[in-house]
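Listed below are the residues making up each chain.
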Amino acid sequence: MSEKITGRLRCSKCGEGFTTEAWSSINVATDPELKAKVISGEVFLAECPHCGAKTMMQHQLLYIDPGEKVIVWLTDGDLTLERRMRELFVSDGGMEDYT
């Protein structure tokens, strides 16, 4: 299942702040239409409601493609969180074939 979060963002063009949604996890087995949006980068863009400019969002995202056996986890560089997630995936088992 794919999930979204809500957060605040500041437009890189007009400087106005606004609330937007971003994907926190994407599973292309349940939401196959999101795969193309990840590849194109569309999932990382938010449109400013004030001026219409598109702003790049920087947020954590877990991308899962079971058909291709691929998991990508984008983080903000928090090594403690990274180690914990690695432990969870390894201890769960069944992920040996994933990239």
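These notes cover the structure that comes with them. In this text, all values refer to a predicted model and were calculated from it rather than measured experimentally. (Residues numbered from 1 in each chain as written. Predicted model: local features only at pLDDT ≥ 70, side-chain atom pairs only at ≥ 80, totals over all residues. Heavy atoms only, no water.)

### A short note on the nonpolar core
So, step 1. If you look at the biggest cluster of nonpolar residues, it comprises 9 residues: Trp 23, Ile 26, Val 28, Leu 34, Val 38, Val 43, Phe 44, Leu 61 and Tyr 63.
So, step 2. Among the elements of the structure, β2 (17-27), α1 (34-40) and β5 (61-65) are those that each provide at least two residues to this core.
So, step 3. Beyond its immediate chain neighbours, meaning those up to four positions away, Leu 34 contacts Ser 2, Trp 23 and Ile 26.
So, step 4. By size, the runner-up hydrophobic cluster in this structure holds 8 residues, among which are Leu 9, Phe 18, Ala 53 and Met 57. (Core = buried A, V, L, I, M, F, W, Y, C linked by side-chain atoms within 4.5 Å. Buried < 20%, exposed > 50% of the residue type's maximum accessible area, 1.4 Å probe, protein only. Helix = DSSP H or I, 4+ residues; strand = E, 2+ residues; numbered from the N terminus. Contact = heavy atoms within 4.5 Å.)

### A few points about the side chain of His 59
So, step 1. Topologically, His 59 is positioned in the loop between β4 (54-56) and β5.
So, step 2. Judged by relative accessible area, His 59 falls into the buried class, the value being 17%.
So, step 3. Of note is the side chain of His 59, whose polar atom sits 3.2 Å from the backbone oxygen of Trp 23. (Polar contact = N/O pair within 3.5 Å; in protein donor to acceptor, adjacent residues only side chain to side chain.)

### Points about unusual backbone geometry
So, step 1. In this model, Lys 69 sits at a positive phi of 55°, which is unusual for a non-glycine residue.
So, step 2. By secondary structure assignment, the location of Lys 69 is in the loop between β5 and β6 (70-74).
So, step 3. On the basis of relative accessible area, Lys 69 is assigned to the partly exposed category, the value being 35%.

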